[in-house]
Amino acid sequence: MLEDTKCECGHNNPVGTILCEYCGKPLEEEPTQFTDREMRYDGTARKSQKAVKSPFDQVWTFFSSVKVAVTLIIITFVLSILGTIYPLEKFIPSTFPETYYLQTYGYWGDLFYRLGFTNMYSSWWFVALLAMIGISLVVCSLDRVVPLYKALKNQKVKKSTSFLERQRIAYTYEDSIPSEKVVSKWKDVLQKQRYQVHVDGENLLAEKGRLSRWGPYINHIGLILFLFAIVLRYIPGWNVDEYVWVREGETKKVPGTKYYIHNEKAEIEFYDPNAANGQAELNANDTSQVVKKYRTTAVIYEKDPKTGQLQEAKRHAILVNEPLGYKGTNLYQSDFRQNQLKAIQFEVVDKKTGQVVGTFTSDLYDLKPNQKQAVGDRLESEVLEYYPEFEIVNGTPQTKTQEPNKPAFIFRISEKGTDYQEVSWVISGERFPNPETNRYEIQLKDFEFVNSSGLMVRVEKSWPLYLFGGTIFMIGLIMGSYFQHRRIWLQVKDGKIYFGAHTNKNWYGLRRDLQQISNQIGLNVEWIKKS
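Residues numbered from 1 in each chain as written. Predicted model: local features only at pLDDT ≥ 70, side-chain atom pairs only at ≥ 80, totals over all residues. Heavy atoms only, no water.

Caption draft 1: Structural view of unusual backbone geometry. One non-glycine residue, Asn-394, lies in positive phi territory at about 55°. On the secondary structure map, Asn-394 appears in the loop between β16 (390–393) and β17 (396–399). For Asn-394, a relative accessible area of 78% gives the class exposed. Of note, the phi angle at Asp-494 is positive, near 55°, even though the residue is not glycine. Checked against the element boundaries, Asp-494 lands in the loop between β21 (486–493) and β22 (496–503). (Helix = DSSP H or I, 4+ residues; strand = E, 2+ residues; numbered from the N terminus. Buried < 20%, exposed > 50% of the residue type's maximum accessible area, 1.4 Å probe, protein only.)

Caption draft 2: Here's a closer look at the environment of Phe-449. In this structure, Phe-449 sits in strand β20 (residues 440–460). On the accessibility criterion, Phe-449 (47% relative accessible area) is partly exposed. Distance from Phe-449 to Asn-263, taken between C-alpha atoms, is 15 Å for residues 186 residues apart in sequence. In contact with Phe-449, not counting residues within four places along its chain, are Asn-339, Gln-340, Leu-341 and Lys-342. (Contact = heavy atoms within 4.5 Å.)

Caption draft 3: The arrangement of the nonpolar core in detail. Ranked by internal contacts, the top residues of the largest apolar core, which has 25 residues, are Trp-186, Leu-190, Ile-488 and Phe-499. Those elements that provide at least two residues to this core are β3 (169–174), α7 (179–192), β5 (203–208), β21, β22 and α11 (507–521). If sequence neighbours within four positions are ignored, Trp-186 has contacts with Tyr-173, Leu-204, Leu-490, Phe-499, Ile-517, Ile-521 and Leu-523. (Core = buried A, V, L, I, M, F, W, Y, C linked by side-chain atoms within 4.5 Å.)

Caption draft 4: Here's a closer look at the sheet that holds β21. Pairing is antiparallel across the open sheet formed by five strands, whose spatial order is β3-β22-β21-β5-β4. Each edge of the sheet is formed by a strand with only one pairing partner; in this case those strands are β3 and β4 (196–200). With direction set aside, neighbouring strand axes in the sheet form an average angle of 15°. Summarising the sheet, β21 and β22 pair through eight bridges and their orientation is antiparallel. Note that in β22 the partner of Val-492 across the bridge is Ile-497. Lying on the sheet, α11 is in contact with β3, β5, β21 and β22; it crosses β22 at an angle near 145°. (Pairing = 2+ DSSP bridges. Axes fitted to C-alpha atoms, helices over the stretch in contact; angles between N-to-C directions.)

Purely spatial values, then, with no claim about function.
Structure, rendered in structure tokens:
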């Protein structure tokens with residue numbers, strides 16, 4: 001079992017300590033000059049450098065490694081790039097991804113699907129990678145912040161002469177004036193250079209820019225907040241990126257939210273090719289219409305928690321780049337379909353007399369099984385089956401999609417007050433040979449069209465946290481990049497003056513400070529020319 005290391009000064013140091021926490025004397029093999037490794041935490045040992053005693057310590061040591069953190073970031077970065085090679089599953093125009101990627105992109109597309117990259121950003125392993133990066137950032141920070149805090153808080157003014165002599169900037173000289181006057185003279189000059197000076201007898205410590213040492217760890221806090229904001233997106237409703245089609249007059253639930261959207265009117269406006277201002281917008285060789293504006297007059301509804309009834313929350317005209325926003329939910333005008341088939345009006349003709357008995361209308365988006373409608377005074381129609389996009393596969397009638405591109409119906413016509421019934425097929429664009437025994441013929445009379453708006457639904461509740469994390473990161477970046485922690489030690493011992501100085505960066509700036517200080521004191525030392 002490893003024991004604490006005792007220094008010659010009598011201080012008992014924890015295992016892994018490089019320099020004595022009290023006097024700064026090297027505890028290991030004495031170097032000729034201290035490097036950044038020895039001076040980073042004034043020799044204080046990090047938790048990961050101490051004796052490994054438990055599985056927790058082993059996990060801590062693993063995640064405290066900067067190499068592990070960088071490796072995890074590189075892996076995540078590479079996977080993120082690979083995930084953008086082909087479109088994600090939610091963006092493909094097919095409900096059969098297992099065949100779509102193979103048919104569209106070949107072998108590599110099929111491999112892309114089989115490896116799970118089509119849903120990569122919502123996969124458990126991608127979330128696990130992000131979580132591991134977050135854990136690594138937290139552990140790396142704590143592993144270094146704690147010894148840094150202890151080293152800065154417990155700085156001793158009195159240091160061993162070997163500590164001063166092994167600094168990268170070190171100097172020893174003699175002065176005939178009393179030691180207290182030497183210390184006082186250095187103190188006055190250092191304070192004029194905006195150093196914070198601490199004196200203990202014949203020992204002096206001056207420092208400035210201590211805040212810069214916390215810059216990297218402020219960075220880490222910003223990154224941790226940023227990663228936390230990303231993980232929050234996996235909470236249902238926290239982040240929504242969906243698409244919804246809403247017809248004129250239709251009310252639909254907004255995907256991923258508790259709100260409802262009603263499309264009062266969907267309009268499209270074209271440039272007038274004959275107008276003076278329109279001439280400039282049109283190609284002289286192009287006679288087709290050019291869209292000027294898409295506009296959707298929409299209403300957001302919320303459910304009353306007590307009554308369950310929809311209540312109007314906000315009304316807004318949605319234009320391109322002018323979304324409807326309500327409580328963090330934004331609906332953007334993304335697409336437009338003009339003159340979409342909404343309903344078909346049929347007329348029932350008595351084949352014996354050739355007269356029209358009556359008419360009825362079928363709303364293609366509101367057809368219910370066995371829905372009945374009166375046809376004139378004596379007939380009744382009933383929908384038995386409905387195929388929005390009719391096709392026959394292996395002799396069986398099916399629908400290709402749920403869009404009414406080629407609607408087909410099976411109607412039952414019955415006479416009121418009698419037991420007479422007959423069944424008829426009606427297929428859009430075709431004349432189906434119904435039984436000759438049928439007394440009535442159902443014919444297409446008219447169509448009803450509406451415009452449809454394609455709305456992009458966006459919810460991003462993590463934006464404030466992104467901005468806050470980014471701001472914290474930039475503060476840490478400025479602290480760590482533009483400020484330096486400079487320290488100067490002075491000790492008068494046996495008629496000699498021992499001097500040492502250290503900084504975490506910008507040694508030229510420290511030497512320039514020392515040159516100015518030396519000139520004021522009258523010490524003839526060429527600091528800047530020293531390497």
